[in-house]
There are 2 protein chains.
Amino acid sequence: MFVFSFKKGWNPDGKHCYVTGGSSGLGLALAKILVAKGAHVSIVARDQAKLDAALVEMEAARVSPSQKLQAKSADLLNATASTAALEAVCELHDGAAPDAVFTCAGSSKPMFFVEMTEQDMKDGMDYGYWVQAWTVWAVTKMLVKQKKRGAKICMVSSMLGLMSFAGYASYAPAKHALRGLADTLQSEFMLYDIESQIFFPPTIYSPGYVTENKTKPDVIKKIEGTDEGLTPEQAAQGMLKGFVRGDNHISADLLTDIFRAGTRGSAPRVNFVFEAIYDFISYVGVPIWRRSVDGAIRGHREEHDKYLHLRGFFG
Amino acid sequence: MFVFSFKKGWNPDGKHCYVTGGSSGLGLALAKILVAKGAHVSIVARDQAKLDAALVEMEAARVSPSQKLQAKSADLLNATASTAALEAVCELHDGAAPDAVFTCAGSSKPMFFVEMTEQDMKDGMDYGYWVQAWTVWAVTKMLVKQKKRGAKICMVSSMLGLMSFAGYASYAPAKHALRGLADTLQSEFMLYDIESQIFFPPTIYSPGYVTENKTKPDVIKKIEGTDEGLTPEQAAQGMLKGFVRGDNHISADLLTDIFRAGTRGSAPRVNFVFEAIYDFISYVGVPIWRRSVDGAIRGHREEHDKYLHLRGFFG
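So, how was this worked out
Residues numbered from 1 in each chain as written. Chains lettered and ligands numbered in written order. Predicted model: local features only at pLDDT ≥ 70, side-chain atom pairs only at ≥ 80, totals over all residues. Heavy atoms only, no water. Helix = DSSP H or I, 4+ residues; strand = E, 2+ residues; numbered from the N terminus. Expected span 1.5 Å × (residues − 1). Bend = angle between axes of the 7 residues up to and from the residue. Buried < 20%, exposed > 50% of the residue type's maximum accessible area, 1.4 Å probe, protein only. Contact = heavy atoms within 4.5 Å. Polar contact = N/O pair within 3.5 Å; in protein donor to acceptor, adjacent residues only side chain to side chain. Axes fitted to C-alpha atoms, helices over the stretch in contact; angles between N-to-C directions. Parallel < 35°, antiparallel > 145°, perpendicular 65-115°, else oblique. Least-squares fit on C-alpha atoms with pLDDT ≥ 70 in both. Buried area = accessible area lost by both parts, 1.4 Å probe. Salt bridge = Lys/Arg side-chain N within 4 Å of Asp/Glu carboxyl O. Left-handed = near helix turned anticlockwise from the far one by under 90°. Disulfide = S-S within 2.5 Å. Core = buried A, V, L, I, M, F, W, Y, C linked by side-chain atoms within 4.5 Å.

Q: How should helix H10 (residues 272–298) of chain A be read in this particular structure?
A: In an α-helix, one full turn covers 3.6 residues, which means residues spaced three or four apart are oriented alike. Along its 27 residues, H10(A) runs 38 Å from first to last C-alpha, staying within 8% of the 39 Å computed at 1.5 Å per residue. Approximately 35° is the largest bend angle found in H10(A), and it occurs at Gly285(A), with the proline Pro287(A) only one to four residues beyond. Along H10(A), the positions that sit buried rather than exposed are Glu275(A), Tyr278(A), Asp279(A), Ser282(A), Tyr283(A), Val286(A), Arg290(A), Val293(A), Asp294(A), Ala296(A) and Ile297(A). Its buried side turned inward, H10(A) meets helix H7 (218–223), helix H9 (254–261) and helix H11 (301–310) of chain A together with helix H5 (172–188) and helix H10 (272–298) of chain B. Two to three positions downstream of the cap, the backbone nitrogen of Val273(A) sits 3.0 Å from a side-chain oxygen, assigning the N-cap of H10(A) to Asn271(A).

Q: Please clarify how the packing of H9(A) against H10(A) should be interpreted in this entry.
A: Packed helices, taken two at a time, are described by the angle their axes make and the gap between the axes. Residue and element names in this part refer to chain A. Packing of H9 against H10 brings their axes to within 7 Å, and their N-to-C directions diverge by 95°. Considered as vectors, H9 and H10 are oriented roughly perpendicular to each other. Facing Leu 254, Asp 257, Ile 258, Phe 259, Arg 260 and Ala 261 of H9, the residues of H10 in contact are Glu 275, Tyr 278, Asp 279, Ile 281, Ser 282, Val 286 and Trp 289.

Q: Got a minute to help me understand the relation of the copies chain B and chain A in this structure?
A: For the pair of chain copies, the relating operation is a rotation around an axis with a shift along it. Between the two copies, chain B and chain A, the superposition gives an RMSD of 0.0 Å; the rotation angle is 180° and the shift along the axis is 0.0 Å. Accordingly, the operation relating the two chain copies is best matched by a two-fold axis. No C-alpha of chain B approaches the rotation axis more nearly than that of Thr263(B), which lies at 1.9 Å.

Q: Which parts of the structure should I look at to understand the interface of chain B and chain A?
A: Many authors give the size of an interface as the accessible area that is lost as the parts come together. Each side of the interface is counted separately: chain B has 82 residues, and chain A has 82 residues. Interface area, chain B with chain A, both sides summed: about 6700 Å², of which 63% is carbon and sulfur. Of all residues in chain B, the largest losses of buried area upon contact with chain A belong to Phe113(B), Met190(B) and Tyr283(B), amounting jointly to 12% of the total for that side. Remark: the boundary between chain B and chain A carries four salt bridges.

Q: What is the right way to look at the packing of helix H1 (residues 25–36) of chain B against helix H2 (residues 48–61) of chain B in this model?
A: Residue and element names in this part refer to chain B. Their axes nearest at 8 Å, the elements H1 and H2 cross at an angle of 25°. What the angle tells us is that H1 and H2 run roughly parallel. The way H1 lies across H2 gives a crossing that is right-handed. Between H1 and H2, the residues in contact are Leu 28, Ala 31, Lys 32, Val 35 and Ala 36 and Ala 54, Glu 57, Met 58 and Ala 61, respectively.

Q: How do you make sense of the pattern of salt bridges when you look at a structure like this?
A: Between side chains of opposite charge, a pair can form when the charged atoms approach closely. Per the counting criterion, the structure on display carries 34 salt bridges over all chains. Between Lys152(A) and Glu195(A) there is a salt bridge whose closest N-O contact spans 3.5 Å. Here Glu195(A) lies in strand E6 (residues 195–199) and Lys152(A) lies in strand E5 (residues 152–156), a separation of 43 residues in the sequence. Since its relative accessible area comes to 16%, Glu195(A) is described here as buried. The salt bridge involving Asp99(B) is made with Lys148(B); its shortest N-O contact spans 3.0 Å. Linking Asp99(B) in the loop between helix H3 (79–90) and strand E4 (100–103) with Lys148(B) in the loop between helix H4 (118–145) and strand E5 (152–156), this pair joins segments that are 49 residues apart in sequence. Owing to a relative accessible area of 22%, Lys148(B) belongs among the partly exposed residues under this scheme. Through salt bridges with shared partners, a single network forms among Arg264(A), Asp279(A), Arg264(B) and Asp279(B).

Q: Can you help me understand the state of the cysteines in this one?
A: Taken as a whole, this structure holds zero disulfides over all chains when the rule is applied. Here Cys104(A) is not cross-linked by a disulfide; its sulfur's nearest cysteine counterpart is in Cys154(A), at 7.6 Å. No disulfide involves Cys17(B); its sulfur sits 11 Å from the nearest other cysteine sulfur, which is in Cys104(B). The exposure class of Cys17(B) is buried, given its relative accessible area of 0%.

Q: Sorry if this is basic, but what is going on with the nonpolar core here?
A: Note that soluble globular proteins tend to have their nonpolar side chains buried in a common cluster. Ranked by internal contacts, the top residues of the largest apolar core, which has 136 residues, are Phe113(A), Met125(A), Tyr129(A), Phe113(B), Met125(B), Tyr129(B) and Phe165(B). Residues within four places of Phe165(B) in sequence aside, it is in contact with Thr184(A), Ser187(A), Leu160(B), Ile220(B), Ile223(B), Glu224(B), Trp289(B) and Val293(B).

Q: So what exactly am I meant to see when it comes to the environment of Trp137(A) here?
A: Its location among the elements puts Trp137(A) in helix H4 (residues 118–145). On a C-alpha basis, the gap between Trp137(A) and Ser82(A) in space is 8.8 Å, while along the polypeptide they are 55 residues apart. Those residues in contact with Trp137(A) that sit more than four places away from it in its chain are Ala79(A), Thr83(A), Phe113(B), Met116(B), Thr117(B), Glu118(B) and Met121(B).

Q: Honestly, the side chain of Asp279(B) in this entry has me stumped. Any pointers?
A: Of note, Asp279(B) is situated in helix H10. A distance of 2.9 Å separates the side chain of Asp279(B) from the side chain of Arg264(A), its partner in a polar contact.

Below, the structure is given as structure tokens:
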């Protein structure tokens, strides 16, 4: 097939890969694949017990005794902690910056906007954006200071970084922000021969998904009923495929492919031919999809009003 | 001409319009137009001297003695202050929520990512996102509590909320985040009969533009050389035109029209026919535009390396 894009390959073997949010879900699935492909893998997350269990799984995937595998506990919500975590995992590599960074940390708490407290709003940005942005910020400084060429940084946004609907007023802004950061850096990193990539997963059936469903309003669950979702393993495979191929915007399922094509901004094309087709599908299909979503929300008005009364919103 | 969209009109006459960032640039230009069309206009900004001068200009545009015009000083960077500012301007209207809200507050500080401090990154989100988001958050709670129907909220993003390039790693994420918030609310507000709209201006030749050019790296100025820009008056006219027409995504110049069409996500269409044409232009044209931008950045590598050495970046 004739393809307009010319992409470089990338091989994890012998590379130091830094995976944040690596103790569960997408991050853990990705870490295990990278280990199985011969990479040195460092994971960071908050919960030490989960990290210990994750390291056992990573050890089981080991293919060479020389692979350096480590799991460290860190909170990544600010610049200082993210820099410290990065420096800690680089110690085992004599302080050399990682070859590849995958910022998989993050969580979401869907709820109605009018019920969000100041803290809910801040948490949305902290756990959707800063938890990844500070690591990208710290790693970039390290890479440029060390004049390391050819490194790759991949953030994890969401399908909700390309579009949005009711329920995600604290999460979608953060995931859109990540996309803005990735697109800026894709351009700016040409100064340093670093690659900025970003993955837009659909629903991932992970521990985080179970948590987010606890607060998710029923009307949102109804809208999402059509979203098929991926297992963490499927998402990690798809993410790595696009990462290796050098896609700047990575998607791993047809629905996100379609939204990505219709929301491409200034990002380099993944495939000039397929994207034209997806763009056409999105041009015609999204308004139809929207109509059903809008209908579900409008149909929920009366029930929502009762709900707000019951919750004491009107005082 | 045959148009697929069916938009409602909107008349500022007699409406209470709340304009943040109303003491200069886009906000002031918009406030004056709204006054001239018979609206009650409340502006909020930080600098009392600028507010006083702005109020004089607004008074000069007054068309009726019954119009309520006011200018109040407030910092909009947190939830409490934004709620207080909103409540303060509503006092003159017996506590009734505004009919229309235009969040024009914000600023940008373009610079290289590797030179950004923790504070630069935080400021980017504060002055690009939160300075508007907290007002939207406060106004929405007020509108829903008062069960006010038909109100309209318009945020101000940027062309850099639809795409990005080098220099805007603190600003583009914030402007993308606003777009994520507006798109979420466009869907969620169907529960309350409120309208969420968002304006994507190109360069506006405002006092803010003069300030941002002080830190802007030369290579960015070179890339932006092709961007024509609008005066605050032109931008305000274009914004209001889209606002009145009910466009959810508002753009006021051809270049942004083109980027908007290629970055539409799940937003309702402004015009099904024109957008197909713009989308095609963006599909073919953006990669060509990118090539020149990428070339400018790659050509700047050596000079940038010298610059970082001179700045002592490598220690």
